[in-house]
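# A structural walkthrough
One letter stands for each residue in the lines below.
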Amino acid sequence: MTEKIKAAEAMVKCLEQEGVKVVFGYPGAAICPFYDELTKSDIHHVLVRHEANAGHAANGYARMSGKPAVCVATSGPGATNLLTAIATAYADSVPIVCITGQVSTDQIGCDVFQEADITGAAEPFVKYSYLIKNAQELPKIFKEAFYIAGSGRKGPVLIDVPIDIQQTLIDFNYPETVELRTYKPTTKGNALQIKRVAEALANSERPLICAGGGVFSSNAQEELRAIVEKTGIPVVSTMMGLGLLPSEHPLYMGMLGMHGVRTANFAVQKCDTMLLIGARVGDRAVRSPQFLAENTKIIHIDIDPAEIGKNIRTDIPLVGDCKLILASLLESVSRTDRKDWLAELNTVKNSVPKEDETEGFVNPKMFIRKLSAKLAENTTCVADVGQNQIWTCNNFNIHTGRFLTSGGMGTMGYSIPAAIGAKMACPEAETIAICGDGSFQMQMMELATIVQEKIPVKIIVMRNNRLGMVRELQTKNYADNQTAVHLTEGNPDFTAVARAYGIEAERVSTMAEAEAAIEHLCSSNKPYLLECNVYKNESTL
């Protein structure tokens, strides 16, 4: 007869069985039994300074490791603080497992201290959620949670564990397999449809590949590049697809969409066949179906059948895992001479005007280009949301590294915690977080986490004393009626804030100063913050 153990200990053992090395969290009374058992494990706990940042850090870790990552919070406000991070992961199909403490089962529904219906609140933003009522089912539930989060269209799964359940003795037996009758994601693409795709590409005069984050999710970067280079078909990417090809690849035309580059949008408008791979065709990516020519043939590959045809008409739908489908498609495609099409695109690509400097300020686009030129080729760049995101998307030169950002939800305060998680998942890669002065103040408490964990993340703060993206929107669409966007009076000295945490920091106001600071940043092996003064009316264009 096996010795019974507490369910809290079983929770830790479940994580160990899944190969979890790091969890990000913030403790509280309702999750204390789990934390007590976690101290007996080799799993490393990272104490963040806000629960949402535990979710964002897990997000960064998952995207770099390719496996579900774990975040932990207590009941009530601890759990509700996780909601934004859960929604962020859901929008970008990032696999995280969120563990929350809950009040005792006999108190659920009584509005007791720090009680919240987190499974109900998170319902729109999770692939699945569990409220554990039977302690003996806990190992089975954990096994299912990791499987659901990391398979099919990946995403967040929530496990809510009442404190009395954590303290219950159970027989621990971790399942080796998962059998879910109603959850059977399609992975292998239909052979006939794959043949139709190959024929459509072969018969096209102006084909275009649009690659999205789903290619990263299925780890199909090599298969995508092989197809591109075998066929010679030009490529554009969504924001989530940045980095699938090196920025300077001759067949890469840049990011498309509302904030994309001219060449990419020109290519979308002029192509006669567009192959969408792992992209959900959000409104900021393709603007609207009218953005495409009426006679453009649309091929859409996605593991989620609900996405195909949802936002754009589809002529050839193909459901399945991108990696498997592209591997099969590679055998069927061949190169066709499309010199005129590529020449037309390259003419547009080479006609981009260069920006001028504004005296007394750093040109953010020029700065980001110079920064990326000096960084190691495998650098991980994490952009926040706002003008800084668009400047980075269109100017950071990606080689073999990764680009991370919050695309679908557009969550400010994402970059620093995500960079922490990304750096912990891939410590060998230089990791840069780029944010604005607005978004920095939503996450600057995580400087403490950086110091406590000795994580050498480099942070760039673009300071224009504005909520720049909203200011730009108000200037363009609301007769320049700038309201609730000025940060001038309350903005602190960000270098002083960083130094208060023991982090080296400096401020630059010219490109000459910025170039010297870039050299310093690249040579440092410690956390570092660089504040760049940017002109208040600088635009994303």
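Report follows, based on the coordinates.

## Topic: the overall build of the protein
When its secondary structure is counted, the protein shows 23 helices and 20 strands. Principal-axis analysis of the C-alpha atoms places the extent of the protein at approximately 75 × 60 × 45 Å. In the protein, buried positions account for 57% of the 541 residues. Across the protein, every contact between residues at least 6 apart in sequence was considered, and the portion connecting residues at least 24 apart equals 74%. Across the protein, the centroid of the 52 positively charged side chains sits 5 Å from that of the 61 negatively charged ones.

## Overview of the packing of aromatic side chains
In this structure the tally under the stated criterion is 7 aromatic pairs. For the ring pair Phe-440 and Phe-494, a centre distance of 5.3 Å and an interplane angle of 80° mean the geometry is edge-to-face. In this pair, Phe-440 sits in helix α19 (residues 437-440) while Phe-494 sits in helix α22 (residues 494-500), placing the two residues 54 residues apart along the sequence. Of the two residues, Phe-440 and Phe-494, neither departs from the other in class, the shared state being buried. Across the ring face of Phe-216, the terminal group of Arg-402 is positioned such that the distance to the ring centre comes to 4.0 Å.

## Examining the pattern of salt bridges
Here the idea is simple: oppositely charged side chains can pair when their charged atoms come close. Counted by the stated rule, this structure contains 18 salt bridges. Asp-171 is paired through a salt bridge with Lys-4; the nearest N and O atoms lie 3.2 Å apart. Here Lys-4 lies in the segment before β1 (5-6) and Asp-171 lies in the loop between β8 (169-170) and α9 (191-202), a separation of 167 residues in the sequence. The partner of Glu-307 in a salt bridge is Arg-153, with the nearest N and O atoms 2.6 Å apart. In this pair, Glu-307 is assigned in the loop between β13 (297-302) and β14 (316-319) and Arg-153 in the loop between α7 (138-150) and β7 (157-162), connecting sequence segments 154 residues apart.

## With respect to the sheet that holds β13
With parallel pairing, 6 strands are arranged side by side in an open sheet as β11-β10-β9-β12-β13-β14. Unpaired on one side and paired on the other, β11 (252-255) and β14 mark the two borders of the sheet. Averaged over neighbouring strand pairs, the angle between their axes works out to 15° when direction is ignored. As judged from the 5 bridges shared by strand β12 (residues 273-277) and β13, these two strands associate in the parallel manner.

## Describing the sheet that holds strand β4 (residues 69-73)
Reading across the sheet, the 6 strands line up as β3-β2-β4-β5-β7-β6 and stay open at both edges, with parallel pairing between neighbours. Only two strands of the sheet have a single partner each, and these edge strands are β3 (44-47) and β6 (128-131). Ignoring strand direction, the axes of neighbouring strands in this sheet form an average angle of 20°. As paired elements, β4 and strand β5 (residues 96-102) share 5 bridges and run parallel to each other. Bridge pairing in β5 links Cys-71 to Cys-98.

## What about the side chain of Asp-92?
Looking at the element boundaries, Asp-92 is found in the loop between α5 (83-91) and β5. Buried charge without a partner: Asp-92 forms no salt bridge, and the closest opposite charge is Arg-63, 4.6 Å away. Dropping the residues within four chain positions of it, Asp-92 is found in contact with Met-240, Thr-405, Ser-406, Gly-407 and Gly-408.

## Overview of the nonpolar core
Judged by nonpolar contacts, the single largest core of 62 residues is most densely connected at Phe-367 and Ile-460. If we ignore the near neighbours within four places in the chain, the residues touching Ile-460 are Phe-367, Leu-371, Ile-432, Ala-433, Ile-434, Cys-435, Leu-521, Leu-530 and Cys-532. Residues Leu-15, Val-20, Val-70 and Tyr-183 belong to the second largest nonpolar core, which totals 36 residues.

## Things to note about the pairing of β12
Most of β12 is tucked away, with 5 of its 5 residues classed as buried. The side-chain alternation of β12 yields two buried faces, one formed by Thr-273, Leu-275 and Ile-277 and the other by Met-274 and Leu-276. Sheet analysis places strand β9 (residues 207-211) next to β12, joined by 5 bridges and oriented parallel. Residue pairing across strands places Ala-211 opposite Ile-277, the latter belonging to β12.

## Examining helix α11 (residues 221-231)
Every buried residue belonging to α11 is among Glu-223, Leu-224, Ile-227, Val-228 and Thr-231, and all of these are buried. End-on, the buried residues of α11 take up no more than an arc of 135°, which puts them together on one face. Following α11 by one or two positions, Gly-232 adopts a phi angle in the positive range, close to 75°.

## Section: empty space enclosed by the protein
Taken as a whole and judged by the stated rule, the model has 2 cavities of 30 Å³ or more. The volume enclosed by the largest cavity comes to roughly 40 Å³. Around the largest cavity sit Ala-198, Leu-201, Ala-202, Thr-231, Ile-233, Val-333, Ser-334 and Arg-338, which together line it. Taken together, the residues of the lining of the largest cavity break down into 5 nonpolar, 2 polar and 1 charged. One number sums up the size of the second largest cavity: a volume of about 30 Å³. Around the second largest cavity sit Ser-372, Leu-375, Ala-376, Glu-377, Thr-379, Phe-396, Asn-397, Ile-398 and His-399, which together line it. Classifying every residue of the lining of the second largest cavity by side-chain character gives 4 nonpolar, 4 polar and 1 charged.

## Describing the environment of Lys-143
For Lys-143, the position within the fold is in helix α7. Placed 128 residues apart in sequence, Lys-143 and Leu-15 show a C-alpha to C-alpha distance of 9.2 Å.

## Describing the packing of α9 against helix α14 (residues 322-330)
Closest axis-to-axis distance for the α9/α14 pair is 10 Å, and the angle between their directions is 55°. When the axis of α9 is compared with that of α14, the two are oblique. Like other packed secondary-structure pairs, α9 and α14 cross with a definite hand, here right-handed. Touching Ile-194, Val-197 and Ala-198 of α9 are Ile-325, Ser-328 and Leu-329, all from α14. Looking at the contact of α9 with α14, its residues break down into 5 nonpolar, 1 polar and no charged.

## Topic: the environment of Ala-145
With respect to the helices and strands, Ala-145 occurs in helix α7. Sequence-distant contacts of Ala-145, that is, excluding residues within four places in its chain, are made with Val-97, Tyr-130, Val-157 and Ile-159.

## Observations regarding the pairing of β9
Burial analysis of β9 places 5 of its 5 residues in the buried class, the great majority of the element. Going residue by residue along β9, you find Pro-207, Ile-209 and Ala-211 tucked away on one face and Leu-208 and Cys-210 tucked away on the opposite face as well. Two strands pair when backbone bridges link them, and β9 and strand β10 (residues 235-237) are joined in this way by 3 bridges, in the parallel orientation. Residue pairing in the sheet places Ile-209 in a bridge with Val-235 of β10.

Parameters at a glance
- Numbering of residues begins from 1 in every chain and follows the order in which that chain's sequence is written.
- Per-residue local features of the predicted model are confined to residues with pLDDT of at least 70, and side-chain atom pairs are confined, for both listing and counting, to 80 or more; whole-chain, interface and lining totals are unaffected and use all residues.
- Values shown for side chains rest on all heavy atoms present in the structure; no hydrogens or waters enter the calculation.
- A helix here means a DSSP run of H or I that spans at least four residues, while a strand means a run of E at least two residues long, and both kinds are numbered starting from the N terminus.
- Working definition: with a 1.4 Å probe on protein chains only, accessible area under 20% of the residue-type maximum means buried, over 50% means exposed, and in between means partly exposed.
- Any pair of residues with heavy atoms lying within 4.5 Å of one another is described as a contacting pair.
- Lys and Arg are tallied as positive, Asp and Glu as negative. Neither His nor the chain termini are counted.
- A charge is said to be at NZ when it belongs to Lys, at CZ for Arg, at CG for Asp and at CD for Glu.
- Note on ring pairs: Phe, Tyr and Trp rings are taken, using the six-membered ring of Trp, and paired if centres are within 6.5 Å. Classes follow the plane angle, with under 30 degrees stacked, over 60 edge-to-face and the rest tilted.
- For a Lys NZ or an Arg CZ to count as sitting over a ring, it must be within 6 Å of the ring centre and within 35 degrees of the ring normal.
- In what follows, salt bridge is the name for a side-chain nitrogen of Lys or Arg lying within 4 Å of a carboxyl oxygen of Asp or Glu.
- Two strands form a pair only when DSSP identifies at least two bridges running between them.
- Every axis in this analysis is a line fitted to C-alpha atoms, fitted for helices over the stretch in contact. Angles between the N-to-C directions lie between 0 and 180 degrees.
- Only buried residues count toward a nonpolar core, which is a set of Ala, Val, Leu, Ile, Met, Phe, Trp, Tyr and Cys residues joined through side-chain atoms within 4.5 Å.
- What the arc measures is the spread of directions leading from the helix axis to the C-beta atoms.
- Here a cavity means grid points, on a 1 Å grid over the protein atoms only, where a 1.4 Å probe fits yet cannot get out; a pocket means an open set of points with protein on both sides within 12 Å along at least five of seven lines; lining residues are those with an atom within 4 Å of a point.
- Grid points are joined across faces, edges and corners, and a volume is the space filled by probe spheres set on the points.
- Any residue that is not Ala, Val, Leu, Ile, Met, Phe, Trp, Tyr, Cys, Pro, Asp, Glu, Lys or Arg is counted as polar, Gly included; the first ten are nonpolar and the last four charged.
- An angle below 35 degrees is treated as roughly parallel, one above 145 as roughly antiparallel, one from 65 to 115 as roughly perpendicular, and anything else as oblique.
- Throughout, a crossing is termed right-handed when the near helix is turned clockwise from the far one, and left-handed when it is turned anticlockwise from it by less than a right angle.

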